[in-house]
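# Descriptive structure summary
Listed below, chain by chain, are the residues.
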Amino acid sequence: MKVQVLGAGCKKCNLLYQNLKSFIEKNNIDADIEYTDDLEKLLEAKILMPPAVFIDGVKKSEGKSPSEAQFKEWFQMK
């Protein structure tokens, strides 16, 4: 599973990446997570409001900091 956080290098974007990375590690989820603040990648993905989260190429969130409950939903956890 590939998890991408696309951000603008801001505090909110970095915090989302750290929270999501911790969640993945804490729950032993088999996923590669990466963060990028490359403007070209943001434009390619048509992201107007970073941060954005993609899981296996599917956009899950844009412009907000999702909660742990949303993380659980994304990874189909109860």
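Above this text you will find the structure in question.
I will try to describe carefully the structure that is included in this document. (Residues numbered from 1 in each chain as written. Predicted model: local features only at pLDDT ≥ 70, side-chain atom pairs only at ≥ 80, totals over all residues. Heavy atoms only, no water.)

Our focus in this paragraph is the sheet that holds strand 1 (residues 2–6). Spatially, the four strands line up as an open sheet ordered 2-1-3-4, and their pairing is mixed. With partners counted over all chains shown, the strands left at the sheet margins are strand 2 (32–36) and strand 4 (58–62), one partner each. Averaged over all pairs of adjacent strands, the angle between their axes in this sheet comes to 20°, without regard to strand direction. The pairing of strand 1 with strand 2 spans five bridges and is parallel. Note on strand 2: the bridge partner recorded for Lys2 is Asp32. Its contacts with the sheet place helix 1 (residues 11–26) against strand 1, strand 2 and strand 3 (52–55), and it is angled at close to 175° to strand 2. (Pairing = 2+ DSSP bridges. Helix = DSSP H or I, 4+ residues; strand = E, 2+ residues; numbered from the N terminus. Axes fitted to C-alpha atoms, helices over the stretch in contact; angles between N-to-C directions. Contact = heavy atoms within 4.5 Å.)

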